[in-house]
Amino acid sequence: MRIERIAVIGGGTMGNGIAHVFAQAGRRVTLVDTNQDLLEKALGLIFKNLDRQVKKEVISLGEKEAAVSRISTTTSMEEAGAEAQLIVEAVPEEVGIKEKIFRVLDEAAPEDTILASNTSSISITRIAGFTRRPHKVIGMHFMNPVPVMKLVEVIRGLATDDATTETVMTLSRELGKTPVEVNDFPGFVSNRVLMPMINEAVFALMEGVAEAEAIDTVMKLGMAHPMGPLALADLIGLDVCLGILEVLHRDLGDDRYRPCPLLRKYVAAGWLGRKSGRGFFSYDG
Ligand code: NAI
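These numbers come from a predicted model, not from an experiment.

Enquirer: How should I be thinking about the sheet that holds strand β2 (residues 28-32) in this particular structure?
Expert: Strand order across the open sheet formed by 8 strands is β3-β2-β1-β4-β5-β6-β7-β8, with mixed pairing between neighbours. For this open sheet the edge positions go to β3 (71-74) and β8 (178-183), each flanked by a neighbour on one side alone. Direction aside, neighbouring strands of the sheet carry axes that sit 25° apart on average. Pairing of strand β1 (residues 5-9) with strand β4 (residues 86-89), which is carried by 4 bridges, proceeds in the parallel orientation. Opposite Ile 9, over in β4, you have Glu 89 as the bridge partner.

Laid out in structure tokens, this is it:
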């Protein structure tokens, strides 16, 4: 099945990037968020990022305009779901919110529509259990920033069928991405490996092993990481990192995944990283 019509639920950090790459690859996209202001903000970001690609000569002005013309917005999940062949959910990393959304989408969308989640850590098998189509539910885990990063981690739930997996793998390649298929375990591969490293960097900061800048410099110059773990945490969002660590801690039942108290403190203070202007580093302006 060739996928032409896509709905993206949530126009935040990830959702606007996901809508961007689908529209750029010639698909019609309906972006859904809870109010018009958020939708306009998301569209504004998509336009800005497409402009940047034009300036860098990654795409032409005509391609930018064509991509923009393929994106529409609505606050109605039912309306977006009724038309879509694939729905990608990118709302906050809380199982209760995702449950509500998957129940609504399962009712609203045609029975052969694939329901994908961009979740960083919540079990795809569990999300699939909120629907009557678990064989058509899959993880499509894009990386941040979506237009730039090549990887899509494709997560098969226990019941996900081969046809659904193949459709999503093919579509990911058509976006110019490299999909990698993994099984449904807490944190999948990406966050199972990444989050303990970020958490350990926060412990090192809390214990005074070194300043934030020094910790990141060690990892950049010593381990050839393109960015340090604390700057990466700021980019991901400290609330998102905390949410993922809580899932790893609870679902794997091992204290080595316990979130660092300093990370909890920053999130409680509203220091969420780039999106709030302050995290381990400051982002004035
Ligand atoms: P975000 O907080 O930036 O955006 C979430 C968006 O969902 C907001 O615009 C919010 O208004 C909207 N939303 C909330 N409830 C909604 C509803 N009922 N209907 C429609 N829209 C609703 O979150 P972010 O960072 O984009 O994360 C989204 C998902 O992507 C999470 O599951 C996260 O774990 C995952 N993810 C995040 C990455 C990151 O670097 N931030 C990387 C990969 C995955």
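Structure shown, so let's carry the discussion forward.
Enquirer: In this structure, what is going on with unusual backbone geometry? I would like to understand it.
Expert: The bulk of non-glycine residues show a negative phi, and the bulk of peptide bonds are trans. A cis amide bond links Asn 144 to the next residue, Pro 145, at an omega of 0°. Tracing the sequence through the fold places Pro 145 in the loop between β6 (137-142) and β7 (151-156). At Glu 57, a residue that is not glycine, the phi angle is positive and equals roughly 60°. Here Glu 57 is to be found in the loop between α2 (36-55) and α3 (61-69). Classification of Glu 57 as exposed rests on a relative accessible area of 71%. With a phi close to 55°, Phe 188 is a non-glycine residue in the positive phi region. Positionally, Phe 188 belongs in the loop between β8 and α8 (190-206). Overall, the relative accessible area of 4% leaves Phe 188 in the buried class.

How each quantity is defined
Residues numbered from 1 in each chain as written. Predicted model: local features only at pLDDT ≥ 70, side-chain atom pairs only at ≥ 80, totals over all residues. Heavy atoms only, no water. Pairing = 2+ DSSP bridges. Helix = DSSP H or I, 4+ residues; strand = E, 2+ residues; numbered from the N terminus. Axes fitted to C-alpha atoms, helices over the stretch in contact; angles between N-to-C directions. Buried < 20%, exposed > 50% of the residue type's maximum accessible area, 1.4 Å probe, protein only.

Interpretation in functional terms is not warranted from these geometric data alone.
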